Amino acid sequence: MLSERRLQVLRAIVQDYVGTEEPVGSKALTERHNLGVSPATVRNDMAALEDEGFIAQPHTSAGRIPTDKGYRLFVDKLAGVKPMTAPERRAIQNFLEGAVDLDDVVARTVRLLAQLTRQVAVVQYPSLTRSTVRHVELLSLAPARVMLVLITDTGRVEQRVVDCPAPFGEASLADLRARLNSRVANRRFADVPGLVEDLPEAFEHEDRGTVSTVLSTLLETLVEENEERLMIGGTANLTRFGHDFPLTIRPVLEALEEQVVLLKLLGEAKDPGVTVRIGHENAHEGLNSTSVVSVGYGSGGEAVAKLGVVGPTRMDYPGTMGAVRAVARYVGQILAES
């Protein structure tokens, strides 16, 4: 375990390096931070930190920079994240409240995160498997054709056209709509199949084929794999950090194009707290020079998806974690109200 003083020296090195982009020397540290010890003691502390792998010396300079291990300890020992100012919070709220539908909420969230953090923003669409049904609408398009509209608690809308095996009258359609919603409204997707399996038996024999067809379309909609959608923005922000990537930013850009990689990066939605993955903690080789800060978001206190940012390991961690957490909270409120 590091002594409190050495931890203080490490914190000062991280803060200075993130702020100045320059390797940090003992003289500068003593001048800029009230460490309460002599430059010689700071030099000894830095030598010990280097021996333990928390800082390193890039060959071009006499100063030191934090390693992945150093950043990890810095993040783990953070007393708190940087809170957003009142004007920032108002700006976030006003910007997100202008959204007209779920796609717009996600698009605005990506833009906002990229602007606030000046990193690459990644937002996962709310997962259908973790959602609940708000309402199922059935509309007659023709005597034997029905439009099924599924509306979820996260504001997601899925539409399907159902070709029925026989004509289905308006009265029967209204009856099916009422019975269906009485069973599935406000219920989790996973529970729906068991709730509707005997529904066809409540109808006249000649209507049962159509009811079964509508129900099978509904169930297909619930389990479709299109749920793992992502939106990404702010990739151009990476070009500002060219010197933070050892050779080139190309491997980072290539990794960001792979949706599977990004979903793994964001992690499981059911883990709602802020997660920070630093450098080589990211399994994908192209992202070994980046850090990923992610958090779950959702309505009613349950995370239904993740959002986060990707940037260089030389990142303002308290500020980025604060921004990501604040945006997630506002997105959750908007989904709850929508």
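Up top is the structure these notes are about.
From a predicted model like this one, the values you see are computed outputs, not experimental measurements.

### Some details on the overall build of the protein
Argument step 1. Each helix and strand counted, the protein has 12 helices and 10 strands in total.
Argument step 2. Rg of the C-alpha trace for the protein: 26 Å, well past the compact-globule value of 20 Å for 338 residues, more than 25% over.
Argument step 3. Here the protein holds 338 residues, and 48% of them are scored as buried.
Argument step 4. Look at the contacts in the protein between residues 6 or more apart in sequence, and 61% of them connect residues 24 or more apart.
Argument step 5. Approximately 16,000 Å² of the protein is accessible, and the part contributed by carbon and sulfur atoms is 51%.
Argument step 6. Distance between charge centroids for the protein: 8 Å, based on 37 positive and 45 negative side chains.

### Considering the pattern of salt bridges
Argument step 1. For the structure shown, the criterion picks out 17 salt bridges.
Argument step 2. The partner of R64 in a salt bridge is E50, with the nearest N and O atoms 2.7 Å apart. Of this pair, R64 sits in the loop between β1 (55-56) and β2 (65-66) while E50 sits in helix α3 (residues 39-51), and the two are 14 residues apart along the sequence.
Argument step 3. Exposure remark for R64: the relative accessible area of 17% places this residue in the buried category.
Argument step 4. Judged by its relative accessible area of 26%, E50 is partly exposed.
Argument step 5. A salt bridge links D316 to K82; its shortest N-O distance comes to 3.0 Å. In this pair, D316 is assigned in the loop between β10 (305-312) and α12 (317-337) and K82 in the loop between α4 (68-76) and α5 (86-97), connecting sequence segments 234 residues apart.
Argument step 6. Classification of D316 as partly exposed rests on a relative accessible area of 30%.
Argument step 7. Classification of K82 as partly exposed rests on a relative accessible area of 44%.
Argument step 8. Shared partners join several salt bridges into a network, and the residues in it are R5, R6 and D45.

### Re the nonpolar core
Argument step 1. Grouped together as the largest cluster of nonpolar side chains are 56 residues, with contacts concentrated most on L29, L307 and Y317.
Argument step 2. If one sorts the elements of this core by residue count, α12 sits on top with 11 residues.
Argument step 3. The contacts of Y317, once residues within four sequence positions are left out, are Y71, F74, V75, V276, I278 and S291.
Argument step 4. Listed in part, the 23 residues of the second largest apolar core include V133, C164, L176 and V192.

### Structural notes on the packing of aromatic side chains
Argument step 1. Under the counting rule described, the total for this entry stands at 1 aromatic pair.
Argument step 2. Relative to Y317, the ring of Y71 has its centre 5.6 Å away and its plane inclined at 50°; by these criteria the two rings are tilted. Residue Y71 is located in helix α4, and its partner Y317 is located in helix α12; the two are separated by 246 residues in the primary sequence. This pair shows no difference in class: Y71 is buried, exactly as Y317 is.
Argument step 3. Directly above the ring of F95 sits R108, whose terminal nitrogen or CZ lies 5.3 Å from the centroid.
Argument step 4. Of note, R229 hangs over the ring of Y125, and the distance from its end group to the ring centre comes to 4.0 Å.

### Notes on α3
Argument step 1. Its 13 residues give α3 an end-to-end C-alpha distance of 18 Å, which sits within 8% of 18 Å, the value for a rise of 1.5 Å per residue.
Argument step 2. What α3 keeps buried is the set V42, D45, M46, A48 and L49. The buried side chains of α3 occupy one side of the element, clustering within an arc of 160° when seen end-on. Structural note: α3 exposes N44 and D51 on the side pointing more than 90 degrees away from its buried face.
Argument step 3. Each element contacted by the buried residues of α3 is listed here: α1 (4-20), α2 (26-32) and β1.
Argument step 4. Two residues or fewer past α3, G53 is found with a positive phi of approximately 85°.

### So, the pairing of strand β3 (residues 120-124)
Argument step 1. For β3, the tally of buried residues reaches 5 of 5 residues, placing the bulk of the element in the interior.
Argument step 2. Alternating residues of β3 divide into V120, V122 and Q124 and A121 and V123, and every residue in both groups is buried.
Argument step 3. As defined by bridge partners, β3 adjoins β10 across 4 bridges and the pair is classed as antiparallel. The partner of V123 across the bridge, within β10, is L307.

### A closer look at the packing of α1 against α4
Between two packed helices, what matters for the description is the angle formed by their axes and the separation of those axes.
Argument step 1. Contact geometry for α1 and α4: axes closest at 10 Å, N-to-C directions at 110°. Of the possible angle classes, the one that applies to α1 and α4 is roughly perpendicular. From α1, L7, L10, R11, V14, Q15, Y17 and V18 reach across to α4, where they touch G70, Y71, L73 and F74.
Argument step 2. Grouping the constituent residues of the contact of α1 with α4 by class yields 8 nonpolar, 2 polar and 1 charged.

What counts, and where the lines are drawn
Residues numbered from 1 in each chain as written. Predicted model: local features only at pLDDT ≥ 70, side-chain atom pairs only at ≥ 80, totals over all residues. Heavy atoms only, no water. Helix = DSSP H or I, 4+ residues; strand = E, 2+ residues; numbered from the N terminus. Rg over C-alpha atoms; globule rule 2.2 N^0.38 Å. Buried < 20%, exposed > 50% of the residue type's maximum accessible area, 1.4 Å probe, protein only. Contact = heavy atoms within 4.5 Å. Areas by Shrake-Rupley, 256 points an atom, 1.4 Å probe, with all protein chains shown as cover. Lys, Arg positive; Asp, Glu negative; His and termini not counted. Charge placed at Lys NZ, Arg CZ, Asp CG, Glu CD. Salt bridge = Lys/Arg side-chain N within 4 Å of Asp/Glu carboxyl O. Core = buried A, V, L, I, M, F, W, Y, C linked by side-chain atoms within 4.5 Å. Phe/Tyr/Trp six-rings, centres within 6.5 Å; stacked < 30°, edge-to-face > 60°. Lys NZ or Arg CZ within 6 Å of the ring centre and 35° of its normal. Expected span 1.5 Å × (residues − 1). Arc of directions from axis to C-beta. Pairing = 2+ DSSP bridges. Axes fitted to C-alpha atoms, helices over the stretch in contact; angles between N-to-C directions. Parallel < 35°, antiparallel > 145°, perpendicular 65-115°, else oblique. Nonpolar A, V, L, I, M, F, W, Y, C, P; charged D, E, K, R; others polar.

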